[in-house]
Amino acid sequence: MSDLAEIFHDFSLIDGDATETYLKGVRLFKNSRTIARRPMLYDPGICIVAAGHKNGYLGEKTFRYDPENYLVTSVSMPFECETNPSEDSPLLGLYIDIDLAQLNELISQMNLENRIDEIKNGHFQLAIGPATLDEEMKDAVVKLLKALKSETEAKILGPGIVKEIYYRALCGKQAPVLFSLARGSGSFSQVARVISMMQGEFSKKFDVEQLATTANMSVSAFHKAFKEITEDSPLQYLKKIRLARARDLIVQKKMKAYLAADAVGYESSSQFSREFKRHFGQSPTEVMKTN
């Protein structure tokens, strides 16, 4: 077991779920059982695995995040994921939300604006992917975990350590995605703003023309950029977001399927049930019974 994983023994964690910490935007997670490939939704953040590993699947692309590789997600991303504990430990890790204001401040302090300007609008990097967990990043994560044991240290020292982790991520392989997200203009940022809008207003009716206009792009350019960033068309992405949010309502709030369908923007509960089962492999009723 790694030194990083051993620190997790000092926390009381919910097996199979995330545990909030003293520091807003930082959650710990634990899972003792293998979970087969299933749809997931990650919000913008940095996921660091201390023991075990996860495999992500997005379209034809696959990626692994484990004690040697952390995952960066720059926009809310629906993808498929399988969870694998290690032989001697449950899956253990932490998720750190990305604060865009802090990210922009760091980029300015690091004088990285020129690096941002080098990113070409004609090609877009996928908005999710792994980067090597080097010693510098690992040291920062260890410091954060130790600070999270104390409410006082978490509040006083935690924000500075999270900033250091952002800094390390800006020095890593996924830095171009973070640069693109942070830039105030440019196609990636325009698409990211539309994604954020879709996330906040997923129950509303959208069409591609409306979304492209919001992004100040032509329909063809918007569709191409959106597909390269998320591996989904805009409407496929929206459907996955709606289904993920509906599952949260059914599991966490024990909401009946027809109410969850209405809450996320479906006009037909039967269509919702069909698409839900096709996406998750279980009906809403089966999901409620097994969670």
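Presented here is an overview of the structure given in this document. (Residues numbered from 1 in each chain as written. Predicted model: local features only at pLDDT ≥ 70, side-chain atom pairs only at ≥ 80, totals over all residues. Heavy atoms only, no water.)

Overview of the overall build of the protein
Then, in step 1: Of regular secondary structure, the protein possesses 13 helices and 10 strands.
Then, in step 2: Expected size for 291 residues packed as a compact globule is a radius of gyration near 19 Å; at 19 Å, the protein falls within 12% of this value.
Then, in step 3: Counting only C-alpha atoms, the protein reaches 50 × 50 × 35 Å along its principal axes.
Then, in step 4: Relative to its full complement of 291 residues, the protein shows a buried share of 50%. (Helix = DSSP H or I, 4+ residues; strand = E, 2+ residues; numbered from the N terminus. Rg over C-alpha atoms; globule rule 2.2 N^0.38 Å. Buried < 20%, exposed > 50% of the residue type's maximum accessible area, 1.4 Å probe, protein only.)

Describing the sheet that holds strand β7 (residues 69-73)
Hydrogen bonding along the main chain pairs the strands of a sheet, whether they run parallel or antiparallel.
Then, in step 1: Judged by pairing direction, the sheet is antiparallel, and its six strands sit side by side in the order β1-β2-β9-β4-β7-β10 without closing on themselves. Looking along the sheet, the strands with just one partner apiece sit at the ends: β1 (17-20) and β10 (128-132). On average, each strand axis in the sheet is tilted by 25 degrees relative to the strand beside it, whichever way the strands run.
Then, in step 2: Each of β2 (26-31), β4 (45-51), β7 and β9 (91-97) is contacted by helix α4 (residues 135-147), which is oriented at about 90 degrees to β9, the strand it contacts most.
Then, in step 3: Sheet contacts for helix α5 (residues 151-170): β2, β4, β7 and β9; angle to β9, the most-contacted strand, approximately 95 degrees. (Pairing = 2+ DSSP bridges. Axes fitted to C-alpha atoms, helices over the stretch in contact; angles between N-to-C directions. Contact = heavy atoms within 4.5 Å.)

A short note on the side chain of Asn31
Then, in step 1: With respect to the helices and strands, the residue Asn31 is situated in strand β2.
Then, in step 2: Since its relative accessible area comes to 10%, Asn31 is described here as buried.
Then, in step 3: Among the polar contacts listed, one links the side chain of Asn31 to the backbone nitrogen of Arg33, at a separation of 3.2 Å. (Polar contact = N/O pair within 3.5 Å; in protein donor to acceptor, adjacent residues only side chain to side chain.)

Quick look at the side chain of Thr83
Then, in step 1: Here Thr83 is to be found in strand β8 (residues 77-84).
Then, in step 2: On the accessibility criterion, Thr83 (4% relative accessible area) is buried.
Then, in step 3: In terms of polar contacts, Thr83 uses its side chain to reach the side chain of Lys54, at 2.9 Å.
Then, in step 4: With residues near it in sequence (within four places) discarded, Thr83 still touches Asn31, Arg33, Thr34, Ile35, His53, Lys54 and Leu91.

Comments concerning unusual backbone geometry
Then, in step 1: In this model, Glu231 sits at a positive phi of 70 degrees, which is unusual for a non-glycine residue.
Then, in step 2: Residue class for Glu231 comes out buried when judged on its relative accessible area of 19%.
Then, in step 3: Although it is not a glycine, Lys254 sits at a positive phi angle of roughly 55 degrees.

Looking at the nonpolar core
Then, in step 1: Membership of the largest hydrophobic core comes to 51 residues, with the highest contact counts inside it found for Tyr65, Val75, Phe79, Ile128, Val191, Phe222 and Phe272.
Then, in step 2: The element contributing the most residues to this core is helix α10 (residues 234-252), with eight residues.
Then, in step 3: Once you skip the residues sitting within four places of it in the chain, Val191 turns out to touch Met217, Phe222, Ala225, Phe226 and Ile229.
Then, in step 4: Grouped together as the second largest cluster of nonpolar side chains are 43 residues, Ala131, Leu133, Met137 and Ile161 included. (Core = buried A, V, L, I, M, F, W, Y, C linked by side-chain atoms within 4.5 Å.)

Section: the pattern of salt bridges
Then, in step 1: Within the structure shown, the criterion is met by 15 salt bridges.
Then, in step 2: A salt bridge links Glu164 to Arg168; the shortest N-O distance between them is 3.8 Å. Of this pair, Glu164 and Arg168 both sit in helix α5, four residues apart, which is roughly one turn of the helix.
Then, in step 3: Taking relative accessible area as the criterion, Arg168 reaches 25% and is therefore assigned partly exposed.
Then, in step 4: Measuring nitrogen to oxygen at the nearest pair gives 3.9 Å for the salt bridge that ties Asp248 to Arg245. Placement of the pair is Asp248 and Arg245 together in helix α10, with a separation of three residues, close to one helical turn.
Then, in step 5: The exposure class of Asp248 is partly exposed, given its relative accessible area of 28%. (Salt bridge = Lys/Arg side-chain N within 4 Å of Asp/Glu carboxyl O.)

Remarks on the packing of aromatic side chains
Then, in step 1: For the structure on display, the rule yields 10 aromatic pairs.
Then, in step 2: Ring centres of Phe63 and Phe79 lie 5.7 Å apart, and the angle between their planes is 45 degrees; on these two criteria the pair is classed as tilted. Taken as a pair, Phe63 in strand β6 (residues 61-65) and Phe79 in strand β8 lie far apart in primary sequence, 16 residues in all. You'll find Phe63 and Phe79 in the same group, each marked buried.
Then, in step 3: Taking 5.3 Å as the distance between ring centres and 80 degrees as the angle between the ring planes, the aromatic pair formed by Phe226 and Tyr237 counts as edge-to-face. In this pair, Phe226 sits in helix α9 (residues 219-230) while Tyr237 sits in helix α10, placing the two residues 11 residues apart along the sequence. Note on accessibility: Phe226 and Tyr237 belong to one class, buried. (Phe/Tyr/Trp six-rings, centres within 6.5 Å; stacked < 30°, edge-to-face > 60°.)

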